[in-house]
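# Examining the three-dimensional arrangement
Here are the chains, one letter per residue:
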Amino acid sequence: MRLAFTISTYRLCDFVRLGLRQLQLLAPNDAILISDDASPESPIIQKMASDAGVAYKCSRIRKGHFGGDAQSLINSIVFAEAAGADVAVKVSQRFIFRKPEAINVIRKTFEDPNICAATPGQPKFVISQTNPAAKG
């Protein structure tokens, strides 16, 4: 099963660098796209993608948090199709894969032909007595 990963980015070069390195280490045979919301750091992120040999797509103008994320999701689907992947995986720049087992969970999940989309889910509980809004 071929996966195509998209890292949704905005400004945080160190997170992008770490996430990109981890994905290349844990899923070396899968395609990677960096989908960047335009920022002053975009040339740095573009060079990082070029140096790593991965695809890069940047918005023409800053789209903001929701718009940038929506654009990144669309880019992810289009990229996966163009790469001939079976599954598009879109992650935030702050999400860093730590272990190969994380990639295996994605593969195993999509082996089920009845699953078309998956999200990380919701925590069972949050330890927070002071902020009830944090439960969401």
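A short tour of the structure in this document, coming up. (Residues numbered from 1 in each chain as written. Predicted model: local features only at pLDDT ≥ 70, side-chain atom pairs only at ≥ 80, totals over all residues. Heavy atoms only, no water.)

### Brief notes about the pattern of salt bridges
Summed over the entire model, instances satisfying the criterion amount to 6 salt bridges. Between Asp51 and Lys47 there is a salt bridge, and its shortest N-O distance comes to 2.8 Å. Within this pair, Asp51 and its partner Lys47 are both found in helix H2 (residues 42-52), separated by 4 residues, close to a single helical turn. A relative accessible area of 57% places Asp51 in the exposed class. In this structure, Lys90 and Asp69 form a salt bridge, with 2.7 Å as the shortest nitrogen-oxygen distance. With Lys90 in strand E4 (residues 87-92) and Asp69 in helix H3 (residues 64-82), this residue pair connects regions lying 21 residues apart in the sequence. (Salt bridge = Lys/Arg side-chain N within 4 Å of Asp/Glu carboxyl O. Helix = DSSP H or I, 4+ residues; strand = E, 2+ residues; numbered from the N terminus. Buried < 20%, exposed > 50% of the residue type's maximum accessible area, 1.4 Å probe, protein only.)

### Structural notes on the nonpolar core
Within soluble globular proteins, side chains that are nonpolar generally end up buried alongside one another. Counting residues in hydrophobic clusters, the biggest one holds 22 residues, and the most contacted among them are Phe5, Phe97 and Ile103. Among the elements that take part in this core, helix H1 (residues 13-26) stands out by supplying 5 residues, more than any other. Beyond its immediate chain neighbours, meaning those up to four positions away, Ile103 contacts Leu3, Phe5, Leu23, Leu26, Ala27 and Phe97. Within the second largest apolar cluster, 7 residues are counted, among which are Ala4, Phe79, Ala83 and Ala85. (Core = buried A, V, L, I, M, F, W, Y, C linked by side-chain atoms within 4.5 Å. Contact = heavy atoms within 4.5 Å.)

### Focus: the sheet that holds E4
Here 4 strands make up an open sheet; going across it, the order is E3-E2-E1-E4 and the pairing parallel. One side of each edge strand has no neighbouring strand; the edge strands of this open sheet are strand E3 (55-58) and E4. On average, adjacent strands in this sheet sit at an angle of 20° to one another, irrespective of strand direction. Relative to E4, strand E1 (residues 3-9) is paired through 6 bridges, and the arrangement is parallel. Looking across to E4, one finds that Ser8 is bridged to Ser92. (Pairing = 2+ DSSP bridges. Axes fitted to C-alpha atoms, helices over the stretch in contact; angles between N-to-C directions.)

### Here we look at the layout of surface pockets
As a volume, the largest pocket reaches approximately 680 Å³. Forming the walls of the largest pocket are 21 residues, and the residues nearest its centre are Val89, Lys90, Ala118, Thr119 and Pro120. Elements supplying a minimum of two residues to the lining of the largest pocket: H3, E4 and helix H4 (100-111). Ranked by residues supplied to the lining of the largest pocket, first place goes to E4 with 6 residues. Within the lining of the largest pocket, the residues separate by chemical class into 16 nonpolar, 4 polar and 1 charged. The calculated volume of the second largest pocket comes to roughly 490 Å³. Along its surface, the second largest pocket is lined by 25 residues, and Ser8, Thr9, Asp37, Gly68 and Asp69 are the ones closest to its centre. Broken down by secondary-structure element, the contributors of at least two residues to the lining of the second largest pocket are E1, strand E2 (31-36), E3, H3 and E4. With 7 residues, the top contributor of residues to the lining of the second largest pocket is H3. (1 Å grid on protein atoms, 1.4 Å probe; cavity = no way out; pocket = protein on both sides within 12 Å on 5 of 7 lines; lining within 4 Å. Points joined across faces, edges and corners; volume = space filled by probe spheres on them. Nonpolar A, V, L, I, M, F, W, Y, C, P; charged D, E, K, R; others polar.)

Such coordinate-based values are descriptive only and should not be taken to indicate function.
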